[in-house]
Amino acid sequence: MAPWTFWRCCQRGVGWVPVLFITFVVVWSYYAYVVELCVFTLSGNGENGKAVVYLVAFHLFFVMFVWSYWMTIFTSPASPSKEFYLSNSEKERYEKEFSQERQQEILRRAARDLPIYTTSASRTIRYCEKCQLIKPDRAHHCSACDMCILKMDHHCPWVNNCVGFSNYKFFLLFLLYSLLYCLFVATTVLQYFIKFWTNELSDTRAKFHVLFLFFVSTMFFISVLSLFSYHCWLVGKNRTTIAWVMVAVFQLALWGWIQNKLLLQIKMNMPEDLNCRGRKQKTWEMTVLAQINPFPSNRLVNQKTDYWTVNLSG
């Protein structure tokens, strides 16, 4: 077995560790709620009616949560169709060319009839060397999945899958049902959490499970709530996580001058003026090269470049 193949197998095996962790937590929560809370605690105190209502509602949320999680994991994210791949003749000409300008000419001719409206920041056709295809808008190559993903949002380690065009709906449902599942468990366990905490109920083996179940459900509820709210905002803005990160980096670059987004050249010249009675005249010359609108969305735009020169003397 080649070293690269062995490394990929190990990487894919390790990728299932977060999924197994979530599976373990879900299975334990099912046991803690159904057996320890409803069967032993509620039925043991004569609250059979409440136990039945809790069990019916719990299984409703549990089934929807497990179904959405399963669909998010095993729904393959869509990859670009065959029309975005170069033909054999175009691929041969592209590989034989060493000039990037001539390679771009080949890609432009191939992408002339394709529904592509965006280019890279350097105004070049977005081409994937590994998959050997012209990237559609919002498509990106995932190094973990080793393929290009249509409308790629991000690679989620908790589902060991890319979230993209085909499974983004299931991912949102997964967040929604996990949020409702954690909220239901936390609110129904709270009463008995307080009773166990204040020793109103006798110490049994259910005490640990009930106390820990409340902490875990509350912790996951808070974390999932922030993530679900963020993705609802993305849906409202018609953005993906990658696109939002690119815009955020560009905005931060206005203040921090991030590399490859803004080119900041600072030339510090501190000449001494001996005719000024020993006082030193300091001159800072700052030249900022800023790329305006590096993320075109609906057309191939000609990027404008502005220069600012700031001279500060003192």
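For the structure itself, look to the data block above.
The rules we used
Residues numbered from 1 in each chain as written. Predicted model: local features only at pLDDT ≥ 70, side-chain atom pairs only at ≥ 80, totals over all residues. Heavy atoms only, no water. Phe/Tyr/Trp six-rings, centres within 6.5 Å; stacked < 30°, edge-to-face > 60°. Helix = DSSP H or I, 4+ residues; strand = E, 2+ residues; numbered from the N terminus. Disulfide = S-S within 2.5 Å. Buried < 20%, exposed > 50% of the residue type's maximum accessible area, 1.4 Å probe, protein only.

Chemist: Can you explain the packing of aromatic side chains? Please cite residues and give values.
Modeler: One pass over the full model with this rule turns up 28 aromatic pairs. Here Phe 21 and Trp 158 contribute two aromatic rings whose centre-to-centre distance is 6.4 Å and whose plane-to-plane angle is 45 degrees, an arrangement assigned as tilted. Here Trp 158 lies in the loop between strand S5 (154-156) and strand S6 (161-163) and Phe 21 lies in helix H2 (residues 17-44), a separation of 137 residues in the sequence. A ring pair is formed by Phe 58 and Phe 62, whose centres lie 5.8 Å apart and whose planes are at 20 degrees; its orientation type is stacked. With Phe 58 and Phe 62 both in helix H3 (residues 48-74) and four residues apart, the pair spans about one turn of that helix.

Chemist: Before we move on, can you summarise the state of the cysteines with the specific residues and values?
Modeler: In total, this model carries zero disulfides according to the counting rule given. For the unlinked cysteine Cys 131, the closest cysteine sulfur is that of Cys 148, found at 3.6 Å. With no disulfide of its own, Cys 145 lies closest to Cys 162 among cysteine sulfurs, the gap being 3.5 Å. Of the residues examined, Cys 145 reaches a relative accessible area of 22% and is grouped as partly exposed.

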